[in-house]
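This is what each chain is made of:
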Number of protein chains: 2
Amino acid sequence: MSNPQSLPLIEPDSDAVVPCCPPLTERPFTVDEAETAARMFKALGDPVRVRLFSAVASHPGGEACVCDISDVGVSQPTVSHHLKKLKEAGLLTSERRGTWVYYRVEPSVLAAMGRLLTASASAGA
Amino acid sequence: MSNPQSLPLIEPDSDAVVPCCPPLTERPFTVDEAETAARMFKALGDPVRVRLFSAVASHPGGEACVCDISDVGVSQPTVSHHLKKLKEAGLLTSERRGTWVYYRVEPSVLAAMGRLLTASASAGA
DNA sequence: GCGCTGATTCGACAACTGTCTATGTTGACC
DNA sequence: GGTCAACATAGACAGTTGTCGAATCAGCGC
């Protein structure tokens, strides 16, 4: 494979979403697709994680320091644990700036999840 | 069904979605909202359930008999168990017709989930 | 360097989840 | 009524998950 000009083009526009899966209604998911999709949904399958994610997503500037959002009724290590899960699922990214760690929403993954569902909804017979 | 006059009016237009929660980016979710949202996401947080749901959603006519979709690599009781979970989460409804039980996608819940995410995605800073 | 604050990692444990086999229920057909 | 097929429920069990306290790591200011 040595065709230097025919690299698979990655869409440069911000609309590009991770090529995860077709809409849920398009066809029965394969095992791999189902595992990918389930991993993303699972990340938002816990109330504490939903609150943390929502707190980050709704924070001015689209990012939030852990200290800004850790008032969700569980201990601080537990907050850290959930943030890690959200990061592993690709929904959040983190960056250390001095003493604090800032978390930020990963829009493309969120968009991919949304398309999975909205396309389904609009296609609902 | 014989009181056609005093039924609480359900919005007849197909756009009506269950009033679950605002978009994830709008504001930090309350505890109740987070639990509602998490319950829905959790339902799609298992690969087998994603495959079952996708199989129903993509089936011609928007519904499928259990026998049509139960080839997902787990035993028949396990399929039944997962379909029950999806039903409890409000994502599917079921109806017995003779020997067979047909499952059907609940579009409003799916649309609610989609709006939760797509509004977020488009609002991504 | 030292202590302080913010955040993650570790180890433990109860609770939940997914899976199975065995059994029950429901309807169709003879 | 008896039998068969489709689906659901019950009980058991291993693996995973959410939670905590304790310990550790990473910067900052003195």
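Small disclaimer: the values here were computed from a predicted structure and weren't measured. (Residues numbered from 1 in each chain as written. Chains lettered and ligands numbered in written order. Predicted model: local features only at pLDDT ≥ 70, side-chain atom pairs only at ≥ 80, totals over all residues. Heavy atoms only, no water.)

Chemist: Quick one: what's the story with the protein's contact with DNA strand D, residue by residue and with numbers?
Modeler: Around DNA strand D, a shell composed of 25 residues is seen, among which A:S75, A:T78, A:H82, B:S80 and B:Y103 lie nearest. Among the atoms of DNA strand D close to the protein, meaning within 4 Å, 79% are from sugar or phosphate groups. Here B:C67 contributes a backbone N or O atom positioned 3.1 Å from a phosphate oxygen of DNA strand D. Contact between DNA strand D and B:Q76: a base nitrogen at 3.4 Å from a side-chain N or O atom of the residue. Elements that contribute at least two residues to the surface near DNA strand D include exactly α2 (47–57) and α4 (76–88) of chain A together with α3 (66–69), α4 (76–88) and β3 (100–105) of chain B. Counting residues per element, the surface near DNA strand D draws most heavily on α4(A), at five residues. (Near = heavy atom within 4 Å. Polar contact = N/O pair within 3.5 Å; in protein donor to acceptor, adjacent residues only side chain to side chain. Helix = DSSP H or I, 4+ residues; strand = E, 2+ residues; numbered from the N terminus.)

Chemist: How would you explain the protein's contact with DNA strand C if you had to name every residue and give the values?
Modeler: Inspection of the region around DNA strand C gives 25 residues, with A:Q76, A:S80, A:Y103, B:S75 and B:H82 positioned closest. Each atom of DNA strand C within 4 Å of the protein was assigned to sugar, phosphate or base; sugar and phosphate come to 75%. In the model, a phosphate oxygen of DNA strand C is placed 2.7 Å from a nitrogen or oxygen of the A:S80 side chain. With respect to DNA strand C, the backbone of B:S75 contributes an N or O atom lying 2.8 Å from a phosphate oxygen. Elements supplying a minimum of two residues to the surface near DNA strand C: α3 (66–69), α4 and β3 (100–105) of chain A together with α2 (47–57) and α4 of chain B. If you tally residues by element for the surface near DNA strand C, the top one is α4(B), at five residues. The residue makeup of the surface near DNA strand C, split by class, is 10 nonpolar, nine polar and six charged. (Nonpolar A, V, L, I, M, F, W, Y, C, P; charged D, E, K, R; others polar.)

Chemist: So what about the nonpolar core? Which residues, and what values?
Modeler: One finds A:F41, A:L44, A:F53, B:F41, B:L44 and B:F53 to be the most contacted residues of the largest nonpolar core, which totals 69 residues. The contacts of B:F53, once residues within four sequence positions are left out, are A:L24, B:L44, B:L86, B:L91, B:L92, B:V105 and B:L110. (Core = buried A, V, L, I, M, F, W, Y, C linked by side-chain atoms within 4.5 Å. Buried < 20%, exposed > 50% of the residue type's maximum accessible area, 1.4 Å probe, protein only. Contact = heavy atoms within 4.5 Å.)

Chemist: Any chance you could break down the pattern of salt bridges for me, citing the residues and the numbers?
Modeler: Inspection of the entire model under this criterion finds eight salt bridges over all chains. Members of the salt-bridge network, linked through shared partners, are A:E63, A:E95, A:R97 and A:R104. (Salt bridge = Lys/Arg side-chain N within 4 Å of Asp/Glu carboxyl O.)

Chemist: Can you lay out the sheet that holds strand β2 (residues 92–97) of chain A for me, pointing to particular residues and giving the numbers?
Modeler: Residues and elements named next belong to chain A. Strand order in this open sheet of three strands is β1-β3-β2, and the pairing throughout is antiparallel. Either end of the sheet is taken by a strand with one partner, and the two such strands are β1 (63–65) and β2. Neighbouring strand axes in the sheet, compared pairwise and without regard to direction, differ in orientation by 25° on average. Pairing of β2 with β3, which is carried by six bridges, proceeds in the antiparallel orientation. Within the sheet, the bridge partner assigned to R97 lies in β3 and is W100. Lying over the sheet, α2 contacts β1, β2 and β3, oriented at roughly 90° with respect to β3. (Pairing = 2+ DSSP bridges. Axes fitted to C-alpha atoms, helices over the stretch in contact; angles between N-to-C directions.)

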